[in-house]
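Remarks on the overall topology
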Amino acid sequence: CGGIPAGGVRAALAGKTICMVGDLKHGRTVHSLAKLLANFDVALVYVAPAGLEMPAAVTDVVSRGTASQKSVDALAPVVADCDALYVTRVQRERFESQALYERTKGSYVVDAALLRTAKKGCAVLHPLPRVDEVATDVDALPNAAYFRQMEHGLYARMALL
């Protein structure tokens, strides 16, 4: 059908480290992605502000698969090991107060300076819209994949309609 064979996807992902960053508690995209990646030989690294960690319901599913997973508090020490960063925004609407949101937003920011410490070609993905978790100085970098990701999602939705 012109797509990549499943074995090709498996081989392409084998041994890769995918770091999921941001609001992992409420992000449907990271829940789905983690569950899907559980079936591959990958390492998942979760980086989230306190209270926004990946839910146990998701980590339990991942633990039954072949992927490894771990949670860390800081992004900078692990970014050099990552083949992809999947960044999500901290969602204002999920907080009980503006003050709590203000204390939490911006906990992790991916910018060009941080990416200079990453593996060459480390893909940066984001489900969009973004607030300040991916700096605009990343947009022009070749590994900024979120605009391509958005475009591919558009075509997939069109095909489904």
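**Description of the environment of Leu 125**
- Structurally, the position occupied by Leu 125 is in strand E5 (residues 123-125).
- In this structure Leu 125 comes out as partly exposed when scored by relative accessible area, which is 22%.
- For the pair Leu 125 and Tyr 101, spaced 24 residues apart in sequence, the C-alpha to C-alpha distance is 23 Å.
- Excluding anything up to four places from it in sequence, Leu 125 contacts Ala 84, Leu 85, Tyr 86, Val 87, Ala 145, Tyr 146 and Gln 149.

**What to know about the pairing of strand E2 (residues 43-47)**
- E2 sits mainly inside the fold: four of its five residues count as buried.
- One ladder, built from five bridges, connects strand E1 (residues 17-21) with E2; its direction is parallel. Bridging across to E2, Cys 19 finds its partner in Val 45.
- Handedness of the E1-helix H2 (residues 28-37)-E2 crossover: right-handed.
- Pairing geometry for E2 and strand E3 (residues 68-72), over five bridges, is parallel. Across the sheet, the residue bridging to Val 45 is Lys 70, located in E3.

**A closer look at empty space enclosed by the protein**
- Counting across every chain of the model gives one cavity of 30 Å³ or more.
- Considered as a void within the structure, the largest cavity measures approximately 90 Å³ in volume.
- Here the residues of the lining of the largest cavity sort into seven nonpolar, four polar and four charged.

**Examining helix H3 (residues 56-63)**
- Among the residues of H3, those classed as buried are Val 58, Thr 59 and Val 62. Down the axis of H3, the smallest arc covering the buried residues is 95 degrees, so these residues share one side.

**Looking at the state of the cysteines**
- Summed over the entire model, instances satisfying the criterion amount to zero disulfides.
- Considering cysteine sulfurs only, Cys 82 is the nearest to Cys 19, which forms no disulfide, with 4.0 Å between them.
- Owing to a relative accessible area of 0%, Cys 82 belongs among the buried residues under this scheme.

**Details of the layout of surface pockets**
- Estimated volume of the largest pocket: approximately 340 Å³.
- Val 9, Leu 13, Ile 18, Leu 33 and Leu 37 are, among the 16 residues lining the largest pocket, the residues nearest its centre.
- For the lining of the largest pocket, the elements supplying multiple residues, two or more each, are helix H1 (6-13), E1, H2 and strand E4 (84-87).
- Looking at the lining of the largest pocket, the element that brings in the most residues is H1, giving four residues.
- In terms of residue class, the lining of the largest pocket is built from 12 nonpolar, two polar and two charged.
- Of the voids in this model, the second largest pocket is the one considered here, and its volume is about 270 Å³.

Rules and cut-offs
- Residues numbered from 1 in each chain as written.
- Predicted model: local features only at pLDDT ≥ 70, side-chain atom pairs only at ≥ 80, totals over all residues.
- Heavy atoms only, no water.
- Helix = DSSP H or I, 4+ residues; strand = E, 2+ residues; numbered from the N terminus.
- Buried < 20%, exposed > 50% of the residue type's maximum accessible area, 1.4 Å probe, protein only.
- Contact = heavy atoms within 4.5 Å.
- Pairing = 2+ DSSP bridges.
- Right-handed = clockwise from strand over helix to strand, strands pointing away.
- 1 Å grid on protein atoms, 1.4 Å probe; cavity = no way out; pocket = protein on both sides within 12 Å on 5 of 7 lines; lining within 4 Å.
- Points joined across faces, edges and corners; volume = space filled by probe spheres on them.
- Nonpolar A, V, L, I, M, F, W, Y, C, P; charged D, E, K, R; others polar.
- Arc of directions from axis to C-beta.
- Disulfide = S-S within 2.5 Å.

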